[in-house]
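The lines below spell out each chain.
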Amino acid sequence: MAKDSVQLAALGDSTRRRIFELVGARPRTVVELTRELTVSQSAVSQHLKVLRESHLVRAEPKGASNIYHIDPAGLGQMRAWLDRFWSSTLAAYKVAVEKSVEDQ
């Protein structure tokens, strides 16, 4: 599966999206994330594993725990894919608008 598909699948889960948003707001530990969510610490860890494997977050070891950050490289790859999609959509829209003006 392409990396962008893996990333989109990872964000398809509402708990993972919330974790991603929380980590995006500021780096956090598993304990901090667990306090913000209604799932167990082990569930948060499993969700973080999926987000790490899809290169959306990265872990920075600090003492006995990890601090989770957004992975800018992985996020950049997903954004590049979305930008290509957006560009082709805008181009198609431009063609439709120009055709509409010509038909008037």
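As the structure is a prediction and not an experimental result, all values here were calculated from the model. (Residues numbered from 1 in each chain as written. Predicted model: local features only at pLDDT ≥ 70, side-chain atom pairs only at ≥ 80, totals over all residues. Heavy atoms only, no water.)

Below, the discussion takes up the side chain of Gln 7. Looking at the element boundaries, Gln 7 is found in helix α1 (residues 3-10). From its side chain, Gln 7 meets the backbone oxygen of Gly 74 in a polar contact 2.9 Å long. Filtering out sequence-adjacent residues up to four positions away, Gln 7 remains in contact with Ser 54, His 55, Leu 56, Gly 74, Leu 75 and Met 78. (Helix = DSSP H or I, 4+ residues; strand = E, 2+ residues; numbered from the N terminus. Polar contact = N/O pair within 3.5 Å; in protein donor to acceptor, adjacent residues only side chain to side chain. Contact = heavy atoms within 4.5 Å.)

Two quantities define a packed helix pair, namely the angle between the axes and the distance from one axis to the other. In the contact formed by helix α2 (residues 14-25) and helix α4 (residues 41-53), the axes pass within 10 Å of each other and the chain directions differ by 80 degrees. Taken as axis vectors, α2 and α4 run roughly perpendicular relative to one another. Of the residues in α4, those touching α2 at Thr 15, Arg 16, Ile 19 and Phe 20 are Val 44, His 47, Leu 48, Val 50 and Leu 51. Residues belonging to the contact of α2 with α4 are distributed by class as follows: six nonpolar, two polar and one charged. (Axes fitted to C-alpha atoms, helices over the stretch in contact; angles between N-to-C directions. Parallel < 35°, antiparallel > 145°, perpendicular 65-115°, else oblique. Nonpolar A, V, L, I, M, F, W, Y, C, P; charged D, E, K, R; others polar.)

All right, on to the pattern of salt bridges then. Throughout the structure, instances matching the rule amount to four salt bridges. Note that Asp 83 and Arg 79 form a salt bridge whose closest N and O atoms lie 3.7 Å from each other. Here Asp 83 pairs with Arg 79, and both are found in helix α5 (residues 72-103), just four residues apart, close to one helical turn. A relative accessible area of 36% means that Asp 83 is categorised as partly exposed. (Salt bridge = Lys/Arg side-chain N within 4 Å of Asp/Glu carboxyl O. Buried < 20%, exposed > 50% of the residue type's maximum accessible area, 1.4 Å probe, protein only.)

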